[in-house]
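What follows is the residue order along each chain.
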Amino acid sequence: DGWNPFSHPYKKMEYGKWELFIPPGQDGYPPVPHGSKLKVVIRAQNGELLYRISPWARYVVRDEDKVNYDWVHWNPPQSYIHKHPSPKRLKSLRIYESHVGIASPEGKVASYKNFTYNVLPRIKDLGYNCVQLMAIMEHAYYASFGYQVTSFFAASSRYGTPDDLKEMIDVAHSMGITVLLDVVHSHASKNSEDGLNKFDGTDSCFFHSGPKGTHQLWDSRLFDYANWEVLRFLLSNLRMWIEDYHFDGFRFDGVTSMLYHHHGIGTGFSGDYNEYFGLHVDEDALCYLMLANHMIKLLHPECITIAEDVSGMPALCRPVAEGGGGFDYRLAMAIPDKWIQIIKELKDEDWNMGNIVHTLTNRRYEEKYIAYAESHDQALVGDKTLAFRLMDAEMYTNMSVLSPLTPVIDRGIQLHKMIRLITHALGGESYLNFMGNEFGHPEWLDFPRKGNNESYHYARRQFNLTEDHLLRYRFLNAFDRDMNKLEEKYGWLASPPAYVSEKHESNKVIAFERAGLIFIFNFHPYQSYVDYRVVIFKYKMLLDSDAEEYGGHRRLDHNTEYFSEEYPHNYRPNSLMV
C-alpha cells in the first residue's frame, strides 16, 4: 500500500499481545497476496517509527543488491503435504551432523533440493540413521555457521523455500532417517533492522538490558528467560519446527552459556559439585530448559533432545519429574579435546591407554552421552580435523594409490579408523560425525567473508573424492560405513557400558566387551603380537581396520574361528590367543 505506516493499526490486548485482523477481499481471496513484502511498524516510546520484521516471520529473503533481509508473506495456494510418518524412536542414534549450504563439491551455496537428492542417499548408504541440521534458522551472516540467528521462525531462504525443506525432511523420513534441528535459544544476533534486537526501540525487549543482555565473546544478545513473553516466543518456536516442518527433535546449542551467569567464560569444570550448584547458576534459564523438555515430551513423546553442555551439569539428562533437565542425550565434549591433545602433544609411544579409556568411559551414571571424535568445531578455519592433524601437507600429494604409501599417510589412515571405532564403541550411547570427516575430508571449513575475498573454495564438501578409485579416501569411507552397519546389526550403542578387560601401557593394547562383541585395539606404533591372550569365549572376526578394502595391510586371516580354553586371565575364567 505504498508503505503507508498508519493504514492497518494493531489492537492492544492483554499479556503483551497485539492483534491485527484484515478481512478477505471482495473476491474472497486473502488480502495479502503470497509473496508480498511486509513490515511491522512500531512507534517507540520516544515517538520514533521503527520498521521491523515480525519476530514470527516464516520467510525472509535478501535481494542481491541489499544488506538487510525483507519479510515476505509465505502463503502458497498449495502447501507441501507430508507423505511419510516420522521413524519410530531409535534405540541407537548414529548422527550425521550436516550443513545444507556446504553439502556440495561446487563453490556455491547448495540447496535443500541438492541435499534431498544427492546427500540423503549418501547418508543412508553410510549407515547413519539420524541427520542433525545446522544453520536452518535464518541468519543474516552466512559465516556465523547459523549461530547468529536473526529470524527464529524462518527456515533459511538461501537454500530454497520452506516447502523445499519440508520435502527434504519428508524424503529423509521415507528412508527411515530421523531429522534433528540445531536450535539456537541461547542467544540472538545483534541485528535490529532484520533481527530481534531493539525490536521496540529499547534494549530490553526479549533480552536483559545493560551488560547482562550481551555475551562478551559472541557479541550477541542474551534472552531474559524470566519474561513470560520470551518463554512463550521460544516454546512456540519449538512447536512450530516440530508441527509444521516435522523435525524429530533438537540439539540445543550453547547450553553451558545458558546454565551459568558467567556463561562458562574463563571457567574450568573439574566435576566438583560446587561448580554446578550455587548463585552462579542461572535458574531462569535452567527452568526454561526444563519447561521446554517437559512441553516437548508432553506433546511429542517421540521427540529427542540433546544438550550441548561442556560443564557436565549433573542430572541434565534425567527426567524433569526427577528434578533433572529433561534432555535425552548430552554431547561428550571431552572426547574430541582428548584426541586433539594426544595427537598434538604426545609421541605415539607415549600414548596413555588408561587415560584414553578414562576419557571414553567417564560419564555420569544413567545419563546418555553422544560420543564423537570430531564435530564441526574441529573442522572450522583456525582448527584442524583429525585427518589433517595426522597427515597434514601429505594429503595434497600422497593420497593417490599410485603414489607410495608413506609412513605419514599409513599412520594417518590407520589411526583415523581406530580412533573412530574406539570412540564409537566405548564413548557413549550414541555416535556423531560431521559431514565429510568420515572419509578424512582435506583442509578446513571457511565461509565466504572479507578476509578470504568472499571465496567459497573452503565452504564445500568434496564428496567426489570418495568416488575416485585412485584415491585413498574411499578406504576411510568404506570403513566408516561398515562400522555403522556393524553397530546396526549388534546395537552396542543401546547396550550397557562396556566391560574393559585390558588397558596395557607397555603393549599399548586396549580390549573391552560390549553387546556380546569383543573389541581389541593395538595402538603400538611398531609392535605386532602373534599370540596375544585376551578374555573371550568364542571368536570370529567381524571388522578389521587392517583389511585391504580399508587401506590396511591384510595381515590377519578372516576365515579362522577361535575357541577359548579354561585359562583364567584378567579376572575372567576363559581366554584365548589372538
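Conventions used here
- Residues numbered from 1 in each chain as written.
- Predicted model: local features only at pLDDT ≥ 70, side-chain atom pairs only at ≥ 80, totals over all residues.
- Heavy atoms only, no water.
- Buried < 20%, exposed > 50% of the residue type's maximum accessible area, 1.4 Å probe, protein only.
- Helix = DSSP H or I, 4+ residues; strand = E, 2+ residues; numbered from the N terminus.
- Pairing = 2+ DSSP bridges.
- Core = buried A, V, L, I, M, F, W, Y, C linked by side-chain atoms within 4.5 Å.
- Domains from an automatic or database assignment.
- Contact = heavy atoms within 4.5 Å.
- Axes fitted to C-alpha atoms, helices over the stretch in contact; angles between N-to-C directions.
- Salt bridge = Lys/Arg side-chain N within 4 Å of Asp/Glu carboxyl O.
- UniProt positions renumbered as here; feature names shortened; annotations may be inferred.
- Polar contact = N/O pair within 3.5 Å; in protein donor to acceptor, adjacent residues only side chain to side chain.
- Expected span 1.5 Å × (residues − 1).

Most of strand β19 (residues 430–434) is tucked away: five of the five residues are buried. Burial along β19 is two-sided: the face carrying Ser 430, Leu 432 and Phe 434 and the face carrying Tyr 431 and Asn 433 are both buried. Summarising the sheet, strand β8 (residues 93–99) and β19 pair through five bridges and their orientation is parallel. What sits directly across from Tyr 96, in β19, is Asn 433. One ladder, built from two bridges, connects strand β18 (residues 368–371) with β19; its direction is parallel. Bridge pairing in β19 places Ala 371 opposite Tyr 431.

To continue, consider the nonpolar core. The biggest cluster of nonpolar side chains holds 144 residues, and the ones touching the most others in it are Phe 115, Trp 241, Phe 252, Tyr 288 and Trp 339. Viewed by domain, this core spans two of them, domain 1 (93–494) and domain 2 (499–577), each represented by three or more residues. The contacts of Phe 252, once residues within four sequence positions are left out, are Val 183, His 185, Leu 238, Tyr 288, Leu 289, Ala 292, Ile 296, Thr 305, Ile 306, Ala 307, Glu 308 and Phe 327. Counting residues in each nonpolar core, the second largest holds twelve residues, with Ile 95, Leu 180, Met 333 and Leu 432 among its members.

Glancing now at the sheet that holds strand β20 (residues 499–504). Reading across from one edge, β20-β21-β22 is the order of the three strands in this open sheet, with antiparallel pairing throughout. With partners counted over all chains shown, the strands left at the sheet margins are β20 and β22 (517–522), one partner each. Pairwise comparison of adjacent strand axes, ignoring direction, gives a mean angle of 10° for this sheet. Inspection of the sheet shows strand β21 (residues 509–514) paired to β22 by six bridges, in the antiparallel sense. Along β22, the bridge assignment pairs Val 509 with Asn 522.

It is worth spelling out the pattern of salt bridges at this point. Tallied over the full model, the rule gives 34 salt bridges. In this structure, Lys 297 engages Asp 328 in a salt bridge whose closest nitrogen and oxygen atoms are separated by 3.1 Å. Of the two residues, Lys 297 sits in helix α5 (residues 283–299) while Asp 328 sits in the loop between β16 (304–307) and β17 (329–331), which places them 31 residues apart along the sequence. Residue class for Lys 297 comes out partly exposed when judged on its relative accessible area of 24%. On the accessibility criterion, Asp 328 (15% relative accessible area) is buried. Its salt-bridge partner being Asp 383, residue Arg 389 comes within 2.7 Å of it at the nearest N-O pair. With relative accessibility at 26%, the residue Asp 383 sits in the partly exposed group.

So, on to the UniProt feature "active site" (unreviewed entry) in the protein chain. UniProt feature "active site" (unreviewed entry): in the numbering of this structure it lies at Asp 253 and Glu 308. These annotated residues cover 56 residues of sequence, but their C-alpha atoms sit close together, with the largest distance between any two at 5.5 Å. Positionally, Asp 253 belongs in the loop between β15 (249–252) and α4 (255–259). A residue is classified by how much of its surface remains accessible, and Asp 253, at 8% relative accessible area, is buried. If we ignore the near neighbours within four places in the chain, the residues touching Asp 253 are Tyr 147, Asp 182, Val 183, Val 184, Ser 186, His 187, Met 258 and Glu 308. A distance of 2.8 Å separates a polar atom in the side chain of Asp 253 from a polar atom in the side chain of Arg 251. Overall, Glu 308 belongs to the buried group, its relative accessible area being 12%. Glu 308 has contacts with Arg 251, Phe 252, Asp 253, Gly 254, Val 255, Thr 256, Leu 331 and Met 333, leaving out every residue within four places of it along the chain. A distance of 2.7 Å separates a polar atom in the side chain of Glu 308 from the backbone nitrogen of Gly 254.

Once that is clear, we can look at helix α3 (residues 228–243). The end-to-end C-alpha separation of α3 is 22 Å, in line with the 22 Å expected for 16 residues at 1.5 Å each. Within the sequence span of α3, burial applies to Val 230, Leu 231, Phe 233, Leu 234, Leu 235, Asn 237, Leu 238, Met 240, Trp 241 and Ile 242. Residues of α3 that are buried sit in contact with β10 (137–138), β11 (151–155), α2 (162–174), β12 (178–183), β15 and α5. N-capping of α3 is provided by Asn 227, with a side-chain oxygen placed 2.8 Å from the backbone N of Glu 229.

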